[in-house]
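# Structural features, examined
What follows is each chain in one-letter form.
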Amino acid sequence: MNLRPKIALYEPDIPQNTAAIIRTCACLGADLEIIEPCGFLFSDKRFKRVVMDYMDEKMIKFYQSSDEFFKSKKNERVILLTTKSADSYAAFKFESNDTLLFGRESAGVPDHIHNSLKYRLKIPMMDNKRSLNIASSVAIILSENLRQTNFNK
């Protein structure tokens, strides 16, 4: 069993955000899973400018579809981070093998995925604010996961 924390991105569409998340995962020791299709090419110069030399393909698993992703997770917890949840991440007990799923920047995840997941969490924000940048959200949630599971100790 892999005990590294896992960040999963559902069809990411902004290259700079994905590159920043790759850097965060590389620096904090998390695996990254990307559910395709992406809204950009990995040869995009905006992506390459941010990712620099942090992209370690051994730490990234690509899935051709959400069906393939969820079939691989049938015996694991997948936790969706969404602005549409009533439950705060701060009150949640993370486990070391959790997969932390983040939706596409422009649209989140489709309703059928949102409704099929048992665990849906949000990052509390000030009233009348729509959302944090996804790269910031990943850093917040990954830090909490690592703190709770003592991964780096």
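Everything numeric in this text was worked out from a predicted model, so none of it was measured. (Residues numbered from 1 in each chain as written. Predicted model: local features only at pLDDT ≥ 70, side-chain atom pairs only at ≥ 80, totals over all residues. Heavy atoms only, no water.)

### Considerations on the side chain of K6
Within the secondary structure, K6 sits in strand 1 (residues 6–10). In this structure the side chain of K6 is engaged in a polar contact, spanning 2.7 Å, whose partner is the side chain of N97. If we ignore the near neighbours within four places in the chain, the residues touching K6 are D31, E33, K73, E76, N97, D98, T99 and L100. (Helix = DSSP H or I, 4+ residues; strand = E, 2+ residues; numbered from the N terminus. Polar contact = N/O pair within 3.5 Å; in protein donor to acceptor, adjacent residues only side chain to side chain. Contact = heavy atoms within 4.5 Å.)

### Some remarks on the state of the cysteines
One pass over the full model with this rule turns up 0 disulfides. Summary of cysteine pairing: C27 is not part of a disulfide, and the nearest cysteine sulfur, belonging to C25, is at 9.6 Å. (Disulfide = S-S within 2.5 Å.)

### A short note on the sheet that holds strand 6 (residues 119–121)
Two orientations exist for strands paired in a sheet by backbone hydrogen bonds: parallel and antiparallel. One open sheet holds the 6 strands; their spatial order is 3-2-1-5-4-6, and the pairing between them is parallel. Lying at the two open borders of the sheet, with one neighbouring strand each, are strand 3 (60–63) and strand 6. Looking at each pair of strands side by side, their axes are set apart by 25 degrees on average, direction ignored. In terms of strand pairing, strand 4 (residues 78–81) meets strand 5 (residues 99–102) through 4 bridges, oriented parallel. Bridge pairing in strand 5 links L80 to L101. Along the sheet face, helix 5 (residues 134–149) touches strand 1, strand 4 and strand 5 and points at about 165 degrees away from the line of strand 5. (Pairing = 2+ DSSP bridges. Axes fitted to C-alpha atoms, helices over the stretch in contact; angles between N-to-C directions.)

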